[in-house]
Amino acid sequence: MSAARYAFSIPTDGPEEQTQLFGGFNAAGFAGLQLKGGQYARYLNEPQQFLDEWGNDKGTVAGLIYGGGLEAEGQANLRRVFDFAGAVGSEMVIFCHGRSRDSVSDDDIRGFARQLSALGAEALERGVKLSLHNHFDNPVMHRADFTTFFEAITPGTVGLTLDTAHLQKSGVFDIAGVVRDYGSFIDNMHLKDFADGQFKTLGRGEIDFSEIFAALHEIKFEGWLCADEESETGVAESLRASFDFIERRWNSHN
């Protein structure tokens, strides 16, 4: 059996929902959370305040999702996230490159790879991994973009967070093939469903996950399997439904 770990991610509306999430993910069966920006950004300059308010369970901050650019200000902001991640004990920072895919050339993508390689090396000095999240209308969007990007990185500096719904939204339907082709880079799977142009709770959309889980077993995946909940399902229901979905599908291939 591959030693994958289960994580969960969902936006929360205020401290009450955040308390429900932080207090409920372990009981639901998840080993970690991957926090949205709104759940940690106000603490970036006060990591001890975050720990004082939310505790020092490293599972709570297993991953930090950050979206931004790679201009000078964007890189400075990303470094602040690295510093915070190192201070609170996060394992990885998941980067969504907030630049439109329009008018981005292959040379641009190679340049972004070099920039992120340097930043990834800085993250490693803080004990944190940098993982690039593929995303609709971001530079790494189409299947060929993955090759362009990962052929240009410095090996070992940048991982891949592969998002199933963003692949399908981008017109990439052979998700299992992407898993097999880029498995050596994947350290984090964002599992979410998709239908009618909308993100859905796992099992409530159109994505066929059976082949995806089969491919993950083929590559002996040992990263995070993260239910990335971005539908309108509430915290408690999505925790239950997402864990049941992942546990059933993952174990069916063991």
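A brief structural summary. Everything quoted here is computed from the prediction, not taken from an experiment.

Moving on: the overall build of the chain. Of regular secondary structure, the chain possesses 9 helices and 10 strands. For 254 residues, the compact-globule formula gives about 18 Å, and the C-alpha radius of gyration of the chain, at 17 Å, lands near that figure. In terms of overall dimensions, the chain has a C-alpha envelope of 45 × 40 × 35 Å along the principal axes. Going through the 254 residues of the chain one by one, you find that 54% of them count as buried. Across the chain, the fraction of contacts at a sequence separation of at least 24, relative to all contacts at a separation of at least 6, is 78%. Element-wise, carbon and sulfur atoms account for 46% of the exposed surface of the chain, whose accessible area totals about 10700 Å². Where the 22 positive side-chain charges of the chain centre and where its 38 negative ones centre are 2 Å apart.

A word on the nonpolar core. Counting residues in hydrophobic clusters, the biggest one holds 75 residues, and the most contacted among them are F50, L116, F149, M189 and L225. Setting aside its immediate chain neighbours within four residues, L225 contacts A4, R5, Y6, A7, M189, L191, F213, L216, I246 and W250. Residues A62, M92, C96 and C226 belong to the second largest nonpolar core, which totals 8 residues.

What counts, and where the lines are drawn
- Residues numbered from 1 in each chain as written.
- Predicted model: local features only at pLDDT ≥ 70, side-chain atom pairs only at ≥ 80, totals over all residues.
- Heavy atoms only, no water.
- Helix = DSSP H or I, 4+ residues; strand = E, 2+ residues; numbered from the N terminus.
- Rg over C-alpha atoms; globule rule 2.2 N^0.38 Å.
- Buried < 20%, exposed > 50% of the residue type's maximum accessible area, 1.4 Å probe, protein only.
- Contact = heavy atoms within 4.5 Å.
- Areas by Shrake-Rupley, 256 points an atom, 1.4 Å probe, with all protein chains shown as cover.
- Lys, Arg positive; Asp, Glu negative; His and termini not counted.
- Charge placed at Lys NZ, Arg CZ, Asp CG, Glu CD.
- Core = buried A, V, L, I, M, F, W, Y, C linked by side-chain atoms within 4.5 Å.

Purely geometric stuff here, so don't read any function into it on its own.
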